[in-house]
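If you want the building blocks of each chain, they are given just below.
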Amino acid sequence: MMTTTCSRRKFLGAMGAAAGAWLARPMMSMARAVPAGRVAVGVCHEYDADVTGTLARMFDQLGGLEGLVRGKTVAVKLNLTGDATDRLGYFPAEITHWVHPQVIGATVQLLGQAGAARIRLLESPMSTAEPLEEFMLQANWEPRDFSSAAPQVEFENTNYLGYGRKYSRLWVPDGGLMFKGYDLNHSYEDCDVFVSLAKLKEHVTAGVTLSMKNCFGITPCTIYGDGSPVDEPSLTPRGGRGPFHEGNRLPSKSAPPPVNNALASKDPGYRVPRVVADLVSVRPVHLAVIDGIHSMAGGEGPWCDNVRHVQPGLLVAGTNCVATDAVCTALMGFDPMADRGTAPFETCDSTLRLAEQLGVGTRDLSQIEVVGTPIAKARFNFRRA
Amino acid sequence: MIVDRNWVPMKWPCGPLEIARRKKSGSTDADLKDTLEAWVRPSALEWLKGTPINCLIVEWADGRPEDSAQQQALKPLLEAGHKLGISFVGKLALKESAGAAVSAALAAGLSAVICEDASAQPSDLPAIQQFPRDKAEWERASTVFSATENVWPGLNLETMHGDTALAGPTGIPWVNSNAWFSMLARELAPGKTLWLDFDPPAASNLLHPAAYALAVADSYAYGSRWIISLDDKLRAALPKGNSQAQGVWKTLCEAVGFFESHRQWQAFKSQGILAIISDFRGDNAYLGGEVLNLLNRRQVQFRIIERARSLPALEGLKAILWLDHDTPSADQRAQLLAFVRQGGLVIAAAYWGSPDVTPAEKDPSLQYRLYNVGKGQIAVADDGFQDPYQVAVDTHLLVSRRNDLVRLYNPEATNCRSSGESVSPHKGRRLVQVLNYSSEPAASVALWVNDGMQSARFWQFGAAEARNLQGRPAAPGTEFDLPPVSVYCALEFEGTKL
């Protein structure tokens, strides 16, 4: 197994962000300065031609994509949770809980225009090893829309070994909060730039689903799923990520072990945020893009109780996933500094705080430069919608 | 006299023979005996007035001493029934010559007999052959034939039976359905009518009305008929004026009436760009049946081709699943290879193409070797066809969802069938029937069809007229938001391109 050499510091330098503040060995301390980066907020009321223009403007506000992606392999983790046929009422998935194809297409197009050598669209569809294109077709999406948006666009289902010969082993700096390391599909290591393309929505277990929680889905269920074998990964994924949620069993023994006391808590509100913080630490997010044009409130998918369609009319992008998610959390009407017991983290620990403690980025709005539409003008209160 | 294919059959258990049978099986009590005595009276026929049910199947002879008493007891019922235009079919459960029983049947005015044992079939009275469905003798099947050992359609709430999983690995609700067998019968016994024989499950309370309506729909929507069979509780409650029982009866009759008023739909042919070829016999029967069942559950629309016959023209097909391990005959092989060269896909358990073709690079998600031949491909399973579930999943993916004809969103326990009828070389009528296998209405189900038709005639049980249902474009087809589906609905498209 290989160890990641992916460097967050290198990327931040390229982006002109506060790379110097980031240290190779992050400390579990709030005292240490953590990366902030810049976060762009754009208003966009519908999925139309304005999406590309708005995103282009936002990426320019972040300093432009070219320095980041020219000549590089860019991996884009999509947010396509649940089954392709699950819907909230009659709303297509992309109107409520999936990132919209218009946003994906626009991002791919802009990455291509900025010179990306190769763009890989990645997701781990629920309980299947089927090609990602087939999963999209089931939702009545047209994968060709993406492959024609830029040169050299590829798709990979990362819920299993996929096209890799072996899983990539990425160790969590400083030991990890839940696991010492994670075995992932090769695509998360075989890339120069990693983009998390997520939806602006709440999450029943983690409070919010944004660019960081989207990365929960980079883990293959052949190892971390309910049906993964005890010793070695299965060939195809079976079930969801119950072991992460409930701690009712360990991943396949071939994967890195849990940290001490990781099994002590069976509380998903304790476990899931820590797994997510680990993951964004081992697999740094270079660009976070959040689709909040249409979404849902009350949970992450139609299977949650009391969920409803909402239309915040927002796009958000940033070069630091913690900062970007902090701005999104504020845009949703919550305090990004909140923690367990306070909305949206009533029953869970804050992933923002945990990732901040790992040195991934800051959630302190006073340290984040917000460009484009100010938060106060763009705020859409999810609990009152 | 011949068997009328338009008969709407119903089991009418009653009289001394049925009582004796129940006594022997230990499944009788005073209430049931009263019921069996009540239903032999002509007054019981009142329930049939105004319903489409016009053929009653009565126990006639099974070699017991009660045979004669049974035939005597039935006389008044038969006479009253004949006046109402009802035909009677006598069930023969005899191992030996049925001469006396048949003579008695002729004298009593029975229209036909139904029997499993071929040696008991009379020559002077029409016979409806009945056989267990895994022992179907398609060639010998009578014009109207019947199959037993079917399932009661509906959601299977049990997920495990011993060590055997009854649910798919993805957690899709497992439903019991006879649909695949009805479709198979249409192909292997073309031009004949299948009556499905199955009884309601034993229950402590009256079954939900939807359960009976579904039993009707799961049969009719796929081209067969259910021999209506009421459970003991319902038959006991009906004569007592139980309003709940009357509601169940009304729902059942409404469902039958609906399909009888759309009898022309029975002639529509299954649509599909995928053909499944097998002999569906012997060692191939299990795999064939299960694959049909599981592909149907995935809403994959397919056509069935019997392997033994010379292959029909393959126009309109994009893929063929050659299910059997036996290789095609020389003629079939030539036809299949021509199909592949022109761009078709053949999925098989073993490679029988030209030996000089080497497999192309594999898709890691599929355990198949892909041989490029001309413009098309032969996909050969690495380990043959072992697991019917995997065969169905892989077939769907190899054919690609790009070629789906229909899809359901929020499907839960619903399923659908697309069929059509050509009215001109390029235009036709298309019918998509949606069935809900749960007792709860299916809410927020959306149906996608690969058709540009923006509206459909929407049918539901109980509605004498169709109403217009508007779709919305969902390229390359159209999506229809279905109103809550309690059991069944149908969308009819005129002028569609078939």
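Keep in mind the model is a prediction, meaning the values are calculated, not measured.

*Asks:* Talk me through unusual backbone geometry; I want residue IDs and the actual numbers.
*Replies:* Omega for the peptide link from alanine 343 of chain A to proline 344 of chain A comes to 0°, which places this bond in the cis form. Topologically, proline 344 of chain A is positioned in the loop between helix H11 (321-331) and helix H12 (351-357). A cis amide bond links alanine 475 of chain B with the next residue in sequence, proline 476 of chain B, at an omega value of 5°. Within the secondary structure, proline 476 of chain B sits in the loop between strand S26 (472-474) and strand S27 (477-481). Its identity as a non-glycine residue notwithstanding, glutamine 299 of chain B has a phi of 65°, on the positive side. Residues other than glycine seldom take positive phi values, yet glutamate 412 of chain B does so here, at roughly 45°. On the secondary structure map, glutamate 412 of chain B appears in the loop between strand S20 (406-409) and strand S21 (414-422). The exposed category is assigned to glutamate 412 of chain B, whose relative accessible area is 54%.

*Asks:* Can you explain the sheet that holds S20 of chain B? Please cite residues and give values.
*Replies:* Residues and elements named next belong to chain B. Strand order in the open sheet formed by four strands is S20-S23-S27-S26, with antiparallel pairing between adjacent strands. A single partner strand is all that each edge strand has here, and the edge strands are S20 and S26. The sheet shows a mean angle of 30° between the axes of neighbouring strands, direction not considered. Where S26 lies against S27, three bridges are found, and the strand directions are antiparallel.

*Asks:* Account for the pattern of salt bridges, with residues named and values stated.
*Replies:* All names here are of chain B. All chains considered together, the criterion is met by 49 salt bridges over all chains. Its salt-bridge partner being arginine 281, residue glutamate 306 comes within 2.6 Å of it at the nearest N-O pair. On the criterion of sequence distance, the pair formed by glutamate 306 in strand S15 (residues 302-306) and arginine 281 in the loop between strand S14 (274-278) and helix H9 (285-297) is long-range, its members being 25 residues apart. Here glutamate 306 falls in the buried class, since its relative accessible area comes to 4%. You can call arginine 281 partly exposed: its relative accessible area is 26%. The residue arginine 407 makes a salt bridge to aspartate 404 at a minimum N-O spacing of 2.8 Å. The same class applies to arginine 407 and to aspartate 404, which are both buried. Salt bridges sharing common partners tie together Glu18, Arg21, Arg22, Glu59, Asp232 and Arg235.

*Asks:* How would you explain the pairing of S20 of chain B if you had to name every residue and give the values?
*Replies:* Residues and elements named next belong to chain B. Burial along S20 is two-sided: Val406 and Leu408 facing one way and Arg407 and Tyr409 facing the other are all buried. Pairing of S20 with strand S23 (residues 446-449), which is carried by four bridges, proceeds in the antiparallel orientation. Opposite valine 406, over in S23, you have valine 449 as the bridge partner.

*Asks:* Quick rundown of the nonpolar core? Include the residues and the values.
*Replies:* Residues Trp12, Trp60, Leu230, Leu321, Phe385 and Tyr488 of chain B are the most contacted members of the largest nonpolar core, which totals 121 residues. Core analysis: the second largest hydrophobic core is formed by 68 residues, Ala129, Tyr188, Ala206 and Val360 of chain A among them.

*Asks:* Could you give me a rundown of helix H2 (residues 30-38) of chain B, with the residues and numbers involved?
*Replies:* All names here are of chain B. Considered for burial, the residues of H2 that qualify are Leu32, Thr35, Leu36 and Ala38. Down the axis, H2 shows its buried residues gathered within 160° of arc, on one side only. Packing partners of the buried residues in H2 comprise helix H1 (15-25) and helix H7 (232-237). By the N-cap criterion, in which a side-chain oxygen at the helix start approaches the backbone nitrogen of a residue two or three places on, H2 is capped by aspartate 29, the distance to aspartate 31 being 3.2 Å.

*Asks:* Account for the confidence of the model for chain A, with residues named and values stated.
*Replies:* Any residue range with low pLDDT should be treated as having predicted coordinates unsuitable for detailed reading. In this model, chain A carries an average pLDDT of 91, and 92% of its residues clear a pLDDT of 70 or more. Segment residues 1-31 of chain A is flagged for pLDDT under 50; beyond a separation of four residues in sequence, or across chains, it makes 59 contacts in the model.

*Asks:* Now, about the packing of aromatic side chains: what can you tell me, with residues and values included?
*Replies:* Under the criterion given, the structure shown has 35 aromatic pairs over all chains. Between tryptophan 152 of chain B and phenylalanine 198 of chain B, the ring centres sit 5.8 Å apart and the planes meet at 75°, which makes this aromatic pair edge-to-face. One end of the pair, tryptophan 152 of chain B, is in the loop between strand S6 (144-148) and strand S7 (154-155); the other, phenylalanine 198 of chain B, is in the loop between strand S11 (193-196) and helix H6 (209-220), with 46 residues separating them in the sequence. Geometrically, the ring pair formed by phenylalanine 198 of chain B and tryptophan 226 of chain B is stacked, given 5.2 Å between the ring centres and 15° between the ring planes. With a gap of 28 residues between them, phenylalanine 198 of chain B in the loop between S11 and H6 and tryptophan 226 of chain B in strand S12 (residues 225-226) connect regions that are remote in the sequence. The residues phenylalanine 198 of chain B and tryptophan 226 of chain B share a single accessibility class, namely buried. The structure contains a cluster of three or more aromatic residues connected by ring pairs, namely Tyr220, Phe258, Phe259, Trp265, Trp459, Phe461 and Tyr488 of chain B. Here arginine 274 of chain A stacks its cationic end above the ring of tyrosine 270 of chain A, 3.7 Å away from the centre of that ring. Between arginine 235 of chain B and the ring centre of tryptophan 39 of chain B, over which it is positioned, the NZ or CZ distance is 5.9 Å.

*Asks:* Report on the environment of glutamine 454 of chain B, specifying residues and quantitative values.
*Replies:* All names here are of chain B. Mapped onto the secondary structure, glutamine 454 falls in the loop between S23 and strand S24 (455-460). On the basis of relative accessibility, which here comes to 33%, the residue glutamine 454 falls in the partly exposed class. Each C-alpha atom, one on glutamine 454 and one on glutamine 470, is 6.1 Å from the other, the two residues being 16 residues apart in sequence. When sequence neighbours within four positions are dropped, the list of residues in contact with glutamine 454 reads Leu469, Gln470, Gly471, Arg472, Pro473, Thr478 and Phe480.

*Asks:* Mind laying out the state of the cysteines, listing which residues take part and the relevant values?
*Replies:* All names here are of chain A. According to the stated counting rule, one finds zero disulfides over all chains in the structure shown. Unpaired in this structure, cysteine 221 has its nearest cysteine sulfur neighbour in cysteine 215, at a distance of 15 Å. Accessibility expressed as a relative area gives 2% for cysteine 221, which makes it buried. In this structure cysteine 328 is not part of a disulfide, and its nearest cysteine sulfur, from cysteine 321, lies 11 Å away.

*Asks:* Outline the interface of chain A and chain B, listing residues and values.
*Replies:* Listed per partner, the contact involves 23 residues of chain A and 27 residues of chain B. Taking both sides of the interface into account, the surface hidden between chain A and chain B amounts to around 2,100 Å²; carbon and sulfur atoms contribute 46%. Contact with chain B buries surface across chain A, with Arg87, Tyr90 and Asn140 of chain A losing the most and accounting together for 32% of the total. Our count for the chain A to chain B interface comes out at three salt bridges. For arginine 87 of chain A, the salt bridge is made with glutamate 479 of chain B, and the minimal N-O distance between the two is 2.8 Å. Counting across the interface, chain A meets chain B through 17 residue pairs in polar contact (both at pLDDT 80 or more). Counting residues per element, the ones that place at least two in the side of chain A that touches chain B are helix H6 (132-138) and helix H7 (143-147) of chain A. Ranked by residues supplied to the side of chain A that touches chain B, first place goes to H6 of chain A with four residues.

*Asks:* Report on the sheet that holds strand S28 (residues 488-496) of chain B, specifying residues and quantitative values.
*Replies:* As summarised here, the arrangement of the six strands in space is S13-S21-S22-S28-S24-S25 (chain B), forming an open sheet in which the pairing is antiparallel. Edge positions in the open sheet fall to strand S13 (269-270) and strand S25 (467-470) of chain B, since each of these has one partner strand only.

*Asks:* Kindly report on the packing of H1 of chain B against H2 of chain B, identifying the contributing residues and their values.
*Replies:* Residue and element names in this part refer to chain B. Contact geometry of H1 with H2 gives a least axis separation of 8 Å together with a crossing angle of 155°. Between H1 and H2, the crossing angle belongs to the class labelled roughly antiparallel. Both H1 and H2 take part in a crossing whose hand is right-handed. Between H1, through Gly15, Glu18, Ile19 and Arg22, and H2, the contact on the second element is made entirely by Leu32, Lys33, Leu36 and Glu37. Split by residue class, the contact of H1 with H2 holds three nonpolar, one polar and four charged.

Rules of the game
Residues numbered from 1 in each chain as written. Chains lettered and ligands numbered in written order. Predicted model: local features only at pLDDT ≥ 70, side-chain atom pairs only at ≥ 80, totals over all residues. Heavy atoms only, no water. Helix = DSSP H or I, 4+ residues; strand = E, 2+ residues; numbered from the N terminus. Buried < 20%, exposed > 50% of the residue type's maximum accessible area, 1.4 Å probe, protein only. Pairing = 2+ DSSP bridges. Axes fitted to C-alpha atoms, helices over the stretch in contact; angles between N-to-C directions. Salt bridge = Lys/Arg side-chain N within 4 Å of Asp/Glu carboxyl O. Core = buried A, V, L, I, M, F, W, Y, C linked by side-chain atoms within 4.5 Å. Arc of directions from axis to C-beta. Contact = heavy atoms within 4.5 Å. Polar contact = N/O pair within 3.5 Å; in protein donor to acceptor, adjacent residues only side chain to side chain. pLDDT = per-residue confidence, 0-100. Phe/Tyr/Trp six-rings, centres within 6.5 Å; stacked < 30°, edge-to-face > 60°. Lys NZ or Arg CZ within 6 Å of the ring centre and 35° of its normal. Disulfide = S-S within 2.5 Å. Buried area = accessible area lost by both parts, 1.4 Å probe. Parallel < 35°, antiparallel > 145°, perpendicular 65-115°, else oblique. Left-handed = near helix turned anticlockwise from the far one by under 90°. Nonpolar A, V, L, I, M, F, W, Y, C, P; charged D, E, K, R; others polar.

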